[in-house]
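# Tertiary structure, described
So the chains spell out like this:
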Amino acid sequence: MTTSTEAIRGTDRKGSATRGANDRPTEVAAFRNVSKAFGSVKAVNGSSFTLHPGETVAFLGPNGAGKSTSIDMLLGLKDPSAGEVSLFGGSPRQAIMDGRVGVMLQSGGLLPEVTVRELVTFACKVHPRGYAVDDVLTTAQILDLADRKVDKLSGGQEQRVRFALATAGDSDLIVLDEPTTGMDVTARQAFWSVMKAQADAGRTILFATHYLEEADAIADRVLVMHKGRLIADGTAAEIKARAGQRRISFDLHPGDGGDASLLSALPGITALDVSGSTVRISTSDADATMAAVYRAGLYPRGLEVTGVGLEQAFITITAEAAGTEAN
Ligand SMILES: Nc1ncnc2c1ncn2[C@@H]1O[C@H](COP(=O)(O)OP(=O)(O)OP(=O)(O)O)[C@@H](O)[C@H]1O
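Predicted model only: the values in this text are computed from it and were never measured. (Residues numbered from 1 in each chain as written. Predicted model: local features only at pLDDT ≥ 70, side-chain atom pairs only at ≥ 80, totals over all residues.)

## Some words on the overall build of the protein chain
- Across its full length, the protein chain carries 12 helices and 13 strands.
- For the protein chain, buried positions account for 38% of its 327 residues.
- When contacts within the protein chain are restricted to residue pairs at least 6 apart in sequence, those whose partners lie at least 24 apart make up 69%. (Helix = DSSP H or I, 4+ residues; strand = E, 2+ residues; numbered from the N terminus. Buried ≥ 20, exposed ≤ 12 C-beta atoms within 10 Å, placed from the backbone. Contact = placed C-beta atoms within 7 Å.)

Here it is as structure tokens:
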């Protein structure tokens, strides 16, 4: 028996993107020095990146960074003011018409007065390689909502219907703009497990999110935008390393001589928290900080040094970008 997820996974699609002369997959999407201005607002400013077959890529950035505008250009919904956007080596509009892209956008009303089943059936029919509607409803976990009118759904339920529309056919690229906004924790986990199956089947996935833990857990690669510019492009680990921060924690026993003024003067230190005998430090240079701790004659016990999470790294690099602009 074919399960709905298997049906949606379809065959292994790695390498199904544009192929080069030597028949190796090349690129799914490319932004080449792309800008988009709305009057005096530079929503996107000279952005270049390439999406490769089979990658899961998170698009991060503070509010107004230019993520949705970039996605709109990627999908041919907006034209760039300058530069070039291509999908599968051709125009975004052609790729959409060919059914190569499944899309879940942030906004845009779902048709009122139709049921979930009617709407999803329509999406399956118009897709050149549409799946069976029951498979799509099952995979998106909305079979129980099939007979409900779409304008009577909760925000989280609406998101799941949008997800069903994005996965109604056998697309090579799935683009999701803040897909889990409004979903509860269980729905979010279920959503990402379905997306993981899509990624495992070799589809390329691009998703914008403000949930950095999602990006950290799911993405092979992270693009960070800030005020229209792409300020980081790498794995979550590379971006964390680039932010360069480390967290150190240790215990100092009473009488060890460590006081707040001594600790706060340690080299590299960016934050200090002393709670009873436990010292927690954020530092840009863990080696120098710890060398100074030992030089001061302190005896730290239970020493732990860890990297920062993606959230802290994101805050650090976007603050750096804001600082650079201000200078
Ligand atoms: N149609 C438009 N007309 C004028 N300005 C616009 C338009 N669309 C977007 N902008 C502006 O372009 C900038 C980028 O907006 P965009 O929606 O792409 O950001 P975003 O990163 O998706 O933000 P968010 O995380 O809040 O969704 C913002 O300053 C926004 O106000």
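## A closer look at the domain arrangement of the protein chain
- Domain annotation of the protein chain identifies domain 1 (4-237) and domain 2 (245-307).
- Relative to domain 2, the C-alpha centre of domain 1 lies at a distance of 44 Å. (Domains from an automatic or database assignment.)

## Structural notes on the site of the ligand
- In the vicinity of the ligand, the contacting residues are Phe38, Val41, Ala43, Gly61, Asn63, Gly64, Ala65, Gly66, Lys67, Ser68 and Thr69.
- A total of three residues in the shell around the ligand trace back to one element, the largest contributor, which is helix 2 (residues 67-74). (Near = placed C-beta within 6 Å.)

## Regarding the sheet that holds strand 5 (residues 101-104)
- Strand order in the open sheet formed by six strands is 5-6-7-3-8-9, with mixed pairing between adjacent strands. Each end of this open sheet is capped by a strand with a single partner; those strands are strand 5 and strand 9 (229-234). Neighbour-to-neighbour, the strand axes of the sheet open up by a mean angle of 15°, direction not taken into account.
- As judged from the five bridges shared by strand 6 (residues 173-177) and strand 7 (residues 204-208), these two strands associate in the parallel manner. When the sheet's bridge partners are listed, Asp177 is paired in strand 7 with Ala208.
- Its contacts with the sheet put helix 9 (residues 236-243) on strand 8 (221-226) and strand 9, and the angle it makes with strand 9 is roughly 115°. (Pairing = 2+ DSSP bridges. Axes fitted to C-alpha atoms, helices over the stretch in contact; angles between N-to-C directions.)

## Comments concerning the confidence of the model for the protein chain
- When the pLDDT values of the protein chain are averaged, the result is 85; 89% of them are 70 or greater.
- For the protein chain, the element scoring lowest by mean pLDDT is helix 1 (residues 4-9), at 35; strand 4 (residues 82-87) scores highest, at 97.
- Every residue in residues 1-24 is under pLDDT 50, and counting partners more than four places away or in other chains gives 46 contacts.
- With pTM at 0.79, the complex prediction returns an ipTM value of 0.97. (pLDDT = per-residue confidence, 0-100.)

## Regarding the nonpolar core
- If you look at the biggest cluster of nonpolar residues, it comprises 68 residues, and the most contacted ones within it are Val120, Val136, Ala164, Val175, Val222 and Val224.
- When neighbours within four sequence positions are excluded, Val222 is seen to be in contact with Ala58, Leu60, Ala215, Ala232, Gly234, Thr235, Ala236 and Ile239.
- In terms of nonpolar packing, the next biggest core, distinct from the first, is built from nine residues, Ile248, Leu263, Val279 and Val293 among them. (Core = buried A, V, L, I, M, F, W, Y, C linked by C-beta atoms within 7 Å.)

## Quick notes on the sheet that holds strand 12 (residues 278-283)
- With antiparallel pairing, the four strands of this open sheet are ordered in space as 11-12-10-13. Single-partner strands in this sheet number two, and they are strand 11 (269-275) and strand 13 (301-307). Ignoring which end each strand starts from, the neighbouring axes of this sheet average 15° apart.
- This element, helix 11 (residues 286-295), spans strand 10 (246-251), strand 11, strand 12 and strand 13 of the sheet and lies at about 20° to strand 10.

## Notes on the pairing of strand 8
- Of all six residues in strand 8, five are buried, a share of seventy percent or more.
- Bridge analysis of strand 3 (residues 56-60) against strand 8 gives four bridges, and the strand direction is parallel. What sits directly across from Val57, in strand 8, is Arg221.
- Strand direction decides the pairing type here: strand 8 and strand 9, joined by five bridges, are antiparallel. Bridge assignment links Leu223 to a residue of strand 9, and that residue is Asp233.

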